[in-house]
Amino acid sequence: MIKAVKGMNDLFGKKAYRWGRMEEDIKTIVQTANFTEFRTPIVEEIALFKRGVGETTDVVQKEMYDFLDKKGRHIAMRPEGTASVVRAFIEHGISINEPAPFKLFYIGPFFRYERPQKGRYRQFHQLGIEIFGDDTPQMDGEMIFTACRVLEHFKIDYEVHINSIGCKECRPVYREKLVEYFSSKKDKLCDDCQKRIETNPLRLLDCKTCNPKEKYQDIPVMTDHLCEICDDHFKKLQKSLEIFHVKGVIDPFIVRGLDYYTRTAFEIVANTGGSQNAVAGGGRYDNLVSDIGGVDTPATGFAMGLERLFDLIPEDFYQPPMISAGYALCEEAVDDLVHFAKHMSHHPVTFFADYKPRKIKKVLQKADRSEISFVFMVGENEVKNKTVLMKNMKTGEQKLYGQHEVILIVRDLMKAEANFLKKNF
Ligand code: HAM
């Protein structure tokens, strides 16, 4: 039997319905904060991620899905969204054509060849937001606040961890301090971290294999080595988070797995106690636009894992949709049902027709199994009298309508739906 590719999921039925509602709510939240949708292709030239995300990152070294196309071009399935958006930002001259700040969001699939487990997939989905052309710490604050607004909407219990990882001026000095500190402990580090001392020493701080941050209490931290400008930025960020009522804890071990960050770095963890509880992460990346060949443009953003978010949303957060269905109780009723279905299709109610004639008992069993709320039946009598019999499956109440009284039917259905739908906003 052919099965789905490992680490990649199908989505259908009730889960797809709840997922769709979740995406709609997210869009409403970010659009009201004036983020506009931005779509980029699923694939890019691999060079973009090497340059953008960083040659030495796990994402680029170990986790990329890449292939040669028919002309031998080296292509990668996008492992994250920021590099693609920056590529498009430059390619379309957005810094020239649009007023700053340029605020955008994306929702879509991403691909990383990681070991699959609950909350970690090879195809997963992210909500991302990116803000270009604004270097203020307050915009970092708003960016983090936007992630919190999404989580608050879904009533999720979470914690924000913030850090500053400095800039081109102060980070190299700190990096040297780290190299010096860990060089004497090299043999106690895992194989990856032994290499990281040379290639990417900051990543030692969040290694889950040899876990240095748990073992050593006196590891130098970036926040003690920030230059004046970065220090001021970090303090103002904290002030703005206070004003936004975002409760962040300073966590000097947030270093992020992607190389493009400057100053602000943050992660949000859900208070579930489980693994894979990092639901969102991001920060400022003031050098990325120029590194990829654009004009110097400050930028900040985050991405939220939608599978992880989905798992945190209580199952009854969304009620299932109210569905009505029409059935024929005999062969002679089928054409009347077709007419009725056509009239119903002009109105904003969820209705479908099942044209295969059935006995009333079978109709009700079928409707019950399909969780239909209102059943409309046309039998011999109804054909004769040009009527349709409605049964409310919850209350058992029945009502006879004229087949042409569709407006009346729709009004009654919409009234019932208004009472039925949980208001989330
Ligand atoms: P990231 O931390 O690599 O950041 O990913 C963001 C979120 O995506 C994670 O916190 C997690 O919830 C989710 N995620 C990552 N990998 C997986 C996976 N294999 N399975 C399920 N969920 C996953 C970025 O991607 C940056 N582009 C964020 C950003 C935007 N920074 C600035 N702007």
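Residues numbered from 1 in each chain as written. Predicted model: local features only at pLDDT ≥ 70, side-chain atom pairs only at ≥ 80, totals over all residues. Heavy atoms only, no water.

## Remarks on the side chain of Arg171
The topology assignment puts Arg171 in helix α7 (residues 171-183). In this structure, Arg171 is buried with no salt-bridge partner, the nearest side chain bearing the opposite charge being Asp259 at 7.0 Å. For Arg171, the contacting residues outside a window of four places in its chain are Ile165, Gly166, Leu202, Met222, Tyr261 and Thr262. (Helix = DSSP H or I, 4+ residues; strand = E, 2+ residues; numbered from the N terminus. Buried < 20%, exposed > 50% of the residue type's maximum accessible area, 1.4 Å probe, protein only. Lys, Arg positive; Asp, Glu negative; His and termini not counted. Salt bridge = Lys/Arg side-chain N within 4 Å of Asp/Glu carboxyl O. Contact = heavy atoms within 4.5 Å.)

## Focus: the domain arrangement of the chain
Reports of interface size often rely on the accessible area that becomes lost once the parts have come together. Per the domain assignment, the segments of the chain are domain 1 (13-170 + 226-316) and domain 2 (320-424). Just the C-alpha atoms count here: the centres of domain 1 and domain 2 sit 46 Å apart. (Domains from an automatic or database assignment.)

## Some thoughts on the side chain of Arg18
As for its position among the elements, Arg18 is in helix α1 (residues 13-32). Ignoring sequence-local partners within four residues, the contact set of Arg18 consists of Phe310, Ile313, Pro314, Glu315 and Tyr318.

## A short note on helix α16 (residues 406-420)
In this model, α16 (15 residues) spans 20 Å end to end at C-alpha, consistent with the 21 Å of a helix rising 1.5 Å per residue. Looking at α16, one finds that the buried residues are Val406, Ile409, Val410, Asp412, Leu413 and Glu417. For α16, the arc enclosing every buried residue in end-on projection is 160°, short of the 170-degree limit, so these residues lie on one face. More than 90 degrees from the buried face of α16, the exposed residues found are Ile407, Lys415 and Asn419. Packed against the buried residues of α16 are β12 (324-328), α13 (334-344), β14 (374-378), β15 (387-392) and β16 (398-402). (Expected span 1.5 Å × (residues − 1). Arc of directions from axis to C-beta.)

## Focus: the site of the ligand
Close to the ligand lie 25 residues, the nearest being Glu80, Glu114, Glu130, Arg256 and Tyr261. The side chain of Gln126 places a nitrogen or oxygen atom 3.1 Å from an oxygen atom of the ligand. At a separation of 2.9 Å, an oxygen atom of the ligand approaches a polar backbone atom of Ala278. For the ligand, whose free accessible area comes to 660 Å², the fraction covered by protein is 95%. Secondary structure elements with two or more residues in the shell around the ligand: β6 (123-132), β10 (278-284) and β11 (299-305). Here the shell around the ligand gets five residues from one element, more than from any other, and that element is β10. (Near = heavy atom within 4 Å. Polar contact = N/O pair within 3.5 Å; in protein donor to acceptor, adjacent residues only side chain to side chain. Areas by Shrake-Rupley, 256 points an atom, 1.4 Å probe, with all protein chains shown as cover.)

## Focus: a nonpolar patch on the surface
On the surface, Ile42, Val43 and Phe67 cluster together into a nonpolar patch covering about 200 Å² of accessible area. One can find Phe67 in strand β3 (residues 66-68). Classification of Phe67 as partly exposed rests on a relative accessible area of 36%. (Patch = residues over 30% accessible without salt bridge, like charges linked within 9 Å, V, L, I, M, F, W, Y side chains within 5 Å.)

## A look at the sheet that holds β3
Across the sheet, which stays open at both edges, the three strands sit in the order β2-β4-β3 with antiparallel pairing between neighbours. Edge positions in the open sheet fall to β2 (43-45) and β3, since each of these has one partner strand only. Ignoring strand direction, the axes of neighbouring strands in this sheet form an average angle of 35°. With three bridges joining them, β2 and strand β4 (residues 74-77) adopt antiparallel strand pairing. Bridge pairing links Glu44 to Ala76 in β4. (Pairing = 2+ DSSP bridges. Axes fitted to C-alpha atoms, helices over the stretch in contact; angles between N-to-C directions.)

## Looking at the pairing of β16
As paired strands, β15 and β16 are joined by five bridges and run antiparallel to one another. Within the sheet, the bridge partner assigned to Val388 lies in β16 and is Tyr401. Adjacent in sequence and paired antiparallel, β15 and β16 are bridged by five residues, among which Gly396 carries a positive phi angle near 85°.

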